[in-house]
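Structural features, examined
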Amino acid sequence: MVNLSRYTLRGVATVGALAGFAAAVMPNAQAAQDSGATSAANTANTAATAVAATPPPVDGVAYAIGNPPAGDGLTTKSSLTNVVRYNRLYKTGAIPSSGCKQLNVSLRTFSGVVAYENNLFKCLYGSWALPLKQAGAAYKVAPTLVVHNSRTVNSYCGAVTDTAFFCGYNGKAWIYIPAYQIINYWNQSPTFAQAYATFTLSHEYGHHVQWLTGILGASWQRQRAFSTYAAQLEESRRRELQASCLGGAVDGANKRNYPFSGGFMTQYNWIISNSGDQPGGVRDHGSLKNHAFWVTAGFNAKHSYTVAGNCNTFNASSAYVA
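All values reported here derive from a predicted model rather than from experimental measurement. (Residues numbered from 1 in each chain as written. Predicted model: local features only at pLDDT ≥ 70, side-chain atom pairs only at ≥ 80, totals over all residues. Heavy atoms only, no water.)

**Re helix H9 (residues 262-273)**
Residue pairs spaced three or four apart in an α-helix point in one direction, given the helix's 3.6 residues per turn. The end-to-end C-alpha separation of H9 is 17 Å, in line with the 16 Å expected for twelve residues at 1.5 Å each. Among the residues of H9, Gly-263, Phe-264, Met-265, Thr-266, Gln-267, Tyr-268, Trp-270, Ile-271 and Ile-272 are the ones counted as buried. (Helix = DSSP H or I, 4+ residues; strand = E, 2+ residues; numbered from the N terminus. Expected span 1.5 Å × (residues − 1). Buried < 20%, exposed > 50% of the residue type's maximum accessible area, 1.4 Å probe, protein only.)

Next comes the structure, spelled out in structure tokens:
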């Protein structure tokens with residue numbers, strides 16, 4: 001689990017969010033990759049045997065320093081509760097498909113991971129542009145994608161080690177993806193590595209959506225204002241579960257173009273069902289059950305529904321963000 005004391009942050013104005021995935025252990029899923037049609041139940045059984053040499057899927061952080069760029073209709077004058085609970089994002093139309101397809105490239109090398117993630121990044125930008133425009137956010141502002149092979153990254157938001165993370169700093173944003181984790185997974189199961197690389201980036205882009213609409217900063221201001229640790233943790237869970245739901249929603253919008261079927265979907269489902277707060281860990285991301293619930297709620301949204309509106313974790317009862 002993330003311990004914020006591990007990170008060196010820049011100044012007291014820094015807003016930190018625990019993003020990405022809480023620790024989950026990758027299943028020994030090579031058989032699922034080979035068959036292409038292994039059931040979720042079989043994968044769950046296989047998952048009981050962990051790959052001892054593999055580190056758990058990366059958890060992450062999301063920082064916001066200063067205000068996001070202002071869109072035509074974005075207002076920061078509303079109350080913090082209104083920003084997170086009644087945001088215009090929730091009233092936008094269905095997320096459109098970008099029409100992008102998965103890049104057929106090996107993730108065994110750094111250059112392969114860079115190419116794969118950059119291709120997916122363009123898909124995410126294309127799908128989120130319309131909803132962000134409808135929400136009144138600065139929809140043309142894209143984060144800078146940084147795929148790297150360093151254990152520790154020094155960013156405008158501080159130094160972060162061994163994790164994917166989002167950084168929003170004075171109107172600009174970055175998403176950092178460690179390639180070596182994806183390469184390690186590829187060497188054990190290419191299909192798992194592809195599913196992991198896909199959901200990781202989709203989740204981090206979900207934080208970018210939160211940032212542009214004012215949700216990320218407002219949520220952290222709310223969290224700092226709460227007087228009890230329990231309330232602070234619940235706010236963190238609402239924020240993180242929403243980012244995962246937004247990631248699932250944009251993935252679902254592209255499910256006819258991307259290979260969300262067969263072995264890929266089996267691994268994707270395993271990842272979302274085993275990410276979240278682990279036994280004995282800090283309860284800041286949400287239970288495994290609730291994590292799977294929110295990602296699925298986003299992914300399976302029907303075209304006639306407001307897709308981003310399915311991800312309003314801030315208006316859900318406490319039981320759904322436990």
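That covers the picture; the talk isn't over yet.
**As for the state of the cysteines**
One pass over the full model with this rule turns up two disulfides. Through a disulfide, Cys-245 is tied to Cys-311; the S-S separation comes to 2.1 Å. On the S-S bond that ties Cys-245 to Cys-311, the torsion sits near -75°, and the link is left-handed. Here Cys-245, found in helix H8 (residues 229-253), pairs with Cys-311, found in the segment after helix H10 (288-299); they are 66 residues apart in sequence, far enough to count as distant. A relative accessible area of 0% places Cys-245 in the buried class. Given a relative accessible area of 0%, Cys-311 falls into the buried group. (Disulfide = S-S within 2.5 Å.)

**Notes on the pattern of salt bridges**
Under the counting rule described, the total for this entry stands at three salt bridges. Note that Asp-162 is salt-bridged to Arg-151, the shortest N-O span being 2.5 Å. Note that Asp-162 is positioned in the loop between strand S6 (158-161) and strand S7 (164-169) and Arg-151 in the loop between strand S4 (144-148) and strand S5 (152-155), a separation of eleven residues in sequence. In this structure Asp-162 comes out as partly exposed when scored by relative accessible area, which is 21%. Put simply, Arg-222 and Glu-235 hold a salt bridge, and the shortest N to O gap is 2.9 Å. You can see Arg-222 sitting in helix H7 (residues 215-225) and its partner Glu-235 sitting in helix H8, a full 13 residues away along the chain. The two residues Arg-222 and Glu-235 agree in class, both being buried. (Salt bridge = Lys/Arg side-chain N within 4 Å of Asp/Glu carboxyl O.)

**Notes on the packing of H9 against H10**
H10 packs onto H9 with a crossing angle of 130° between their chain directions and a minimal axis gap of 7 Å. Of the possible angle classes, the one that applies to H9 and H10 is oblique. Of H10, the residues touching H9 (which contributes Met-265, Tyr-268, Ile-272 and Ser-273) are Leu-288, His-291, Ala-292, Val-295, Thr-296 and Phe-299. Looking at side-chain class alone, the contact of H9 with H10 contains seven nonpolar, three polar and no charged residues. (Axes fitted to C-alpha atoms, helices over the stretch in contact; angles between N-to-C directions. Parallel < 35°, antiparallel > 145°, perpendicular 65-115°, else oblique. Contact = heavy atoms within 4.5 Å. Nonpolar A, V, L, I, M, F, W, Y, C, P; charged D, E, K, R; others polar.)

**Concerning the pairing of S6**
If a strand is regular, its side chains alternate between the two faces of the sheet. Bridge count between S5 and S6: four bridges; the pairing is antiparallel. Pairing of Ser-155 across the sheet is with Gly-158, part of S6. The turn joining S5 and S6, which pair antiparallel and follow one another in sequence, is formed by two residues. (Pairing = 2+ DSSP bridges.)

**Points about the packing of helix H4 (residues 110-134) against helix H6 (residues 190-212)**
One can describe the packing of H4 onto H6 by two numbers: an axis separation of 10 Å at closest approach and a directional angle of 35°. Note that H4 runs across H6; the crossing there is right-handed. Residues Tyr-116, Glu-117, Leu-120, Phe-121, Leu-124, Tyr-125, Trp-128 and Leu-132 of H4 form the contact with H6, whose participating residues are Gln-194, Ala-197, Thr-198, Leu-201, Ser-202, Tyr-205, Val-209 and Leu-212. Class assignment for the residues of the contact of H4 with H6 results in twelve nonpolar, three polar and one charged. (Left-handed = near helix turned anticlockwise from the far one by under 90°.)

**Digging into the packing of aromatic side chains**
Taken as a whole and judged by the stated rule, the model has 16 aromatic pairs. Taking the centre distance of 5.0 Å and the plane angle of 15° together, the rings of Tyr-156 and Tyr-169 count as stacked. Taken together, the positions of Tyr-156 in the loop between S5 and S6 and Tyr-169 in strand S7 put the pair 13 residues apart, joining distant regions of the chain. Look at Tyr-156 and you get partly exposed, because its relative accessible area is 42%. Here the aromatic rings of Phe-165 and Tyr-176 are separated by 4.4 Å at their centres, their planes lie at 10°, and the arrangement is stacked. On the criterion of sequence distance, the pair formed by Phe-165 in strand S7 and Tyr-176 in strand S8 (residues 172-178) is long-range, its members being eleven residues apart. Ring-pair connections join several aromatic residues into one group, and the members of that group are Phe-199, Tyr-258, Phe-260, Phe-264, Tyr-268 and Phe-299. (Phe/Tyr/Trp six-rings, centres within 6.5 Å; stacked < 30°, edge-to-face > 60°.)

**Overview of the confidence of the model for the protein chain**
Residues of the protein chain with pLDDT of at least 70 account for 78%, and the chain-wide mean is 81. Scored below 50 in pLDDT, residues 1-58 makes 167 contacts in the model with residues more than four places away or belonging to other chains. (pLDDT = per-residue confidence, 0-100.)

**Quick notes on unusual backbone geometry**
Excluding glycine, residues mostly have negative phi values, and the peptide bonds linking residues are mostly trans. In this model, Asp-162 sits at a positive phi of 55°, which is unusual for a non-glycine residue. Non-glycine residue Asn-170 carries a positive phi angle of around 50°. By the secondary structure assignment, Asn-170 is in the loop between S7 and S8.

**Description of the nonpolar core**
One broad rule of soluble globular proteins: the nonpolar side chains tend to lie buried together. Ranked by size, the top nonpolar core spans 69 residues in total, and within it Trp-128, Ile-177, Ile-182, Leu-201 and Tyr-268 carry the most contacts. If one sorts the elements of this core by residue count, H6 sits on top with eleven residues. Excluding anything up to four places from it in sequence, Tyr-268 contacts Ala-195, Phe-199, Gly-247, Gly-248, Asp-251, Phe-260, Val-295 and Phe-299. One finds Tyr-63, Ile-65, Val-153 and Val-160 within the second-largest nonpolar core, a separate group that totals eleven residues. (Core = buried A, V, L, I, M, F, W, Y, C linked by side-chain atoms within 4.5 Å.)

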